[in-house]
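In case you want the letters, here they are:
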Amino acid sequence: MTQTAVPFLFMRGGTSKGPYFNRKDLPQDRERLSEVLISVLGSGSSTNIDGLGGGNAVTTKVAMLSPSSRPDADLDYFFAQVSVEDRMVDYAPTCGNILVGVGPAAIEMGIVPARDGITPVRIHSVNTGSLVEARVQTPGGVVTYDGDEEIAGVPGTAAPIALNFLDVVGSRTGRLLPTGSARDLIQGLEVSCVDVAMPMVIARAADFGVTGSEKPQELDANRDLMNRIEAVRLEAATRMGLGDATRSVVPKFGLIAPAREGGDFAVRYFMPWNCHPSLAVTGSQCLAACALIPGTVAEGLVPAFPHSPALVRIEHPAGIMDVTVTFSRDDTGFAFHAAGLIRTARLIARGVVMVPNTILMKSSLPGADTLQPSETST
């Protein structure tokens, strides 16, 4: 088998990890790009044994970076969610955890020049059109990953990366409340359909017959629950203007419950066909918005947040995620302005990943005809 070498970084971003590529090193054609990413991650096997994936949706994610096409951004971030088993790639969502590694990766790749001290990187999320500013620790003009910041779901500590999310309202639907209501009744169950950073369908765990404190594996094994969630999600997707979501991970689904560990409320976040081991960064913003919007399913379940900015503490299976939200609420309604989080990332490996030439012909890679013999294998 003849293969072609494609350069990449392998990084942990927040509580996810995956390969980060320079967009120019990959096919521009979407169909061929999907085939390449499926091969790279080993999609089509529950173990992803023939690729870099880890047999879980949080380890089959891909970031593709390029200089920005927008004057107000430094960098374009194009995200792909590769299915573990179904040989499918979804370009509809973005991922806030993988985004945590985008700033450091861009500096490591030389797309964004580093400053001495802290390097601000303004990131345009291609999938959603939103803008995020990341502040990366770069003492001496070099990315550092060592630090004292802890995040739930990741062992040890690392350098903090501050994220400020802008323009996240209506990320896919163009509306804070895509159905026009703070609550909807779908198949006899109350839900709130909210679009902040990630379109979500949010319901109370008790209404689905669970406590919201179960381990993710317990919920995944509860097929009646998962089938009920999917039925509600699909109908909600249509009402939100997202069309048939049968093969799309958007919208995501969340079950909220009273806090038990010192947070403001607890959540079990679905990706959507299994439960997240912790919590997505994008989902955390949408859930925080739901907690703040009058009349949603969170009303009466979460404490009141009378002042902006508000620190919303969300319990998830691995711990607590803090989201700082600036908002306004008056007689004219509620407005979500921005969300801020502190996360961490780490460069795990750098090198090349081998792609079979039956999938990727050399001519589809810019400059591939100049590859040296050491860059191919048989």
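In the nomenclature of an unreviewed UniProt entry, the protein chain is known as 4-oxalomesaconate tautomerase of Roseibium aestuarii. Quoted verbatim from the Sequence similarities (unreviewed entry) field of the UniProt record, the comment on the protein chain reads "Belongs to the PrpF family."

Participant: Sorry, what's going on with the overall build of the protein chain here?
Facilitator: Secondary structure summary: the protein chain contains six helices and 18 strands in total. Relative to a compact globule of 378 residues, whose C-alpha radius of gyration would be 21 Å, the protein chain shows 20 Å and is just as compact. Along the longest, intermediate and shortest principal axes, the C-alpha atoms of the protein chain span 65 × 45 × 35 Å. Sequence separation of 24 or more characterises 63% of the internal contacts of the protein chain that already satisfy a separation of 6 or more. Accessible surface, the protein chain: about 15,100 Å² in total, of which carbon and sulfur atoms supply 49%.

Participant: Quick question: what am I supposed to make of the nonpolar core here?
Facilitator: As a rule of thumb, soluble globular proteins bury nonpolar side chains together. Core analysis: the largest hydrophobic core is formed by 102 residues, its most contacted members being Y77, V194, L255 and L287. The element contributing the most residues to this core is helix α6 (residues 281-292), with eight residues. With 21 residues, the next largest nonpolar core counts F8, V62, M64 and V355 among its residues.

Participant: Help me understand the environment of S43, please; the structure alone is not making it clear to me.
Facilitator: For S43, the position within the fold is in the loop between α1 (30-41) and β3 (61-67). Remark: the alpha-carbon pair of S43 and L177, spanning 134 residues in sequence, is separated by 34 Å. Those residues in contact with S43 that sit more than four places away from it in its chain are I38, N48, V82, S83, V84, D86, R87 and M88. Looking at S43, its side chain comes within polar contact range of the main-chain oxygen of S83, at 2.6 Å. At 3.1 Å, the side chain of S43 and the backbone nitrogen of R87 are in polar contact.

Participant: Help me understand the packing of aromatic side chains in this model?
Facilitator: A full pass over the atoms with the stated rule returns six aromatic pairs. The interplanar angle of 70° and the centroid separation of 6.4 Å between the aromatic rings of F253 and F270 together place this pair among those described as edge-to-face. Residue F253 is found in strand β12 (residues 252-257), and its partner F270 is found in strand β13 (residues 265-270); the two are separated by 17 residues along the sequence. Residue F253 shares its accessibility class with F270, and that shared class is buried.

Participant: What is the right way to read the side chain of Q285 from this model?
Facilitator: By the secondary structure assignment, Q285 is in helix α6. A polar side-chain atom of Q285 sits 3.3 Å from the main-chain carbonyl oxygen of V281. Not counting chain neighbours up to four residues away, the residues in contact with Q285 comprise F165, V168, V196, A197, F336, A339 and L341.

Participant: I would appreciate a short explanation of unusual backbone geometry in the present structure.
Facilitator: With glycine set apart, most residues show a phi of negative sign, and most peptide bonds adopt trans. P272 follows M271 through a cis peptide bond whose omega is 10°. Structurally, the position occupied by P272 is in the loop between β13 and α6. The residue after S308, namely P309, is reached through a cis peptide bond having omega 0°. Assignment of secondary structure puts P309 in the loop between α6 and β14 (310-316). Unusually for a residue other than glycine, N48 sits at a positive phi of about 50°. Tracing the backbone shows N48 in the loop between α1 and β3. One non-glycine residue, A197, adopts positive backbone phi at about 70°. Using a relative accessible area of 7% as the deciding quantity, one classes A197 as buried.

Participant: Even after reading the chapter, I still don't get α1, so can you show me in this structure?
Facilitator: For an α-helix the count is 3.6 residues per turn, leaving residues at separations of three or four pointing the same way. The end-to-end C-alpha distance of α1 is 16 Å, a good match for the 16 Å that 12 residues give at a rise of 1.5 Å each. The complete set of buried residues in α1 reads L33, S34, V36, L37, I38, S39, V40 and L41. Its buried side turned inward, α1 meets β2 (16-22), β3, β4 (75-82), β5 (89-90) and β17 (345-356). Sitting at the amino-terminal end of α1 is D29, which places a side-chain oxygen 3.3 Å from the backbone nitrogen of E31. Following α1 by one or two positions, G42 has its phi on the positive side, about 80°.

Participant: What am I meant to see in the pattern of salt bridges here?
Facilitator: If the charged atoms of two oppositely charged side chains come close together, the side chains can form a pair. Tallied over the full model, the rule gives 11 salt bridges. In this structure, the salt-bridge partner of E190 is R183, at a minimum N-O distance of 3.0 Å. A relative accessible area of 28% means that E190 is categorised as partly exposed. A relative accessible area of 28% means that R183 is categorised as partly exposed. The network of salt bridges with shared partners includes R183, E190, R204 and D207.

Participant: Would you mind showing me how to read the pairing of strand β10 (residues 189-196) here?
Facilitator: Taken across its eight residues, β10 has seven buried, putting it largely inside the fold. Taken together, strand β9 (residues 184-186) and the strand that follows it, β10, pair antiparallel across an intervening segment of two residues, in which Q187 is found at a positive phi of about 50°. Between the end of β10 and the start of strand β11 (residues 198-204), which pair antiparallel, lie one residue, with A197 showing a positive phi angle near 70°.

Participant: Help me out: how do you make sense of the side chain of R12 in this one?
Facilitator: You can see R12 is positioned in strand β1 (residues 3-13). Of the side chains with opposite charge, D146 lies nearest to the buried R12, which makes no salt bridge, at 9.5 Å. For R12, the side chain forms a polar contact with the main-chain oxygen of G14, separated by 2.9 Å. If we ignore the near neighbours within four places in the chain, the residues touching R12 are K17, I151, V154, A158, T344, A345, R346 and I348.

Cut-offs used in this document
Residues numbered from 1 in each chain as written. Predicted model: local features only at pLDDT ≥ 70, side-chain atom pairs only at ≥ 80, totals over all residues. Heavy atoms only, no water. UniProt positions renumbered as here; feature names shortened; annotations may be inferred. Helix = DSSP H or I, 4+ residues; strand = E, 2+ residues; numbered from the N terminus. Rg over C-alpha atoms; globule rule 2.2 N^0.38 Å. Contact = heavy atoms within 4.5 Å. Areas by Shrake-Rupley, 256 points an atom, 1.4 Å probe, with all protein chains shown as cover. Core = buried A, V, L, I, M, F, W, Y, C linked by side-chain atoms within 4.5 Å. Buried < 20%, exposed > 50% of the residue type's maximum accessible area, 1.4 Å probe, protein only. Polar contact = N/O pair within 3.5 Å; in protein donor to acceptor, adjacent residues only side chain to side chain. Phe/Tyr/Trp six-rings, centres within 6.5 Å; stacked < 30°, edge-to-face > 60°. Expected span 1.5 Å × (residues − 1). Salt bridge = Lys/Arg side-chain N within 4 Å of Asp/Glu carboxyl O. Pairing = 2+ DSSP bridges. Lys, Arg positive; Asp, Glu negative; His and termini not counted.

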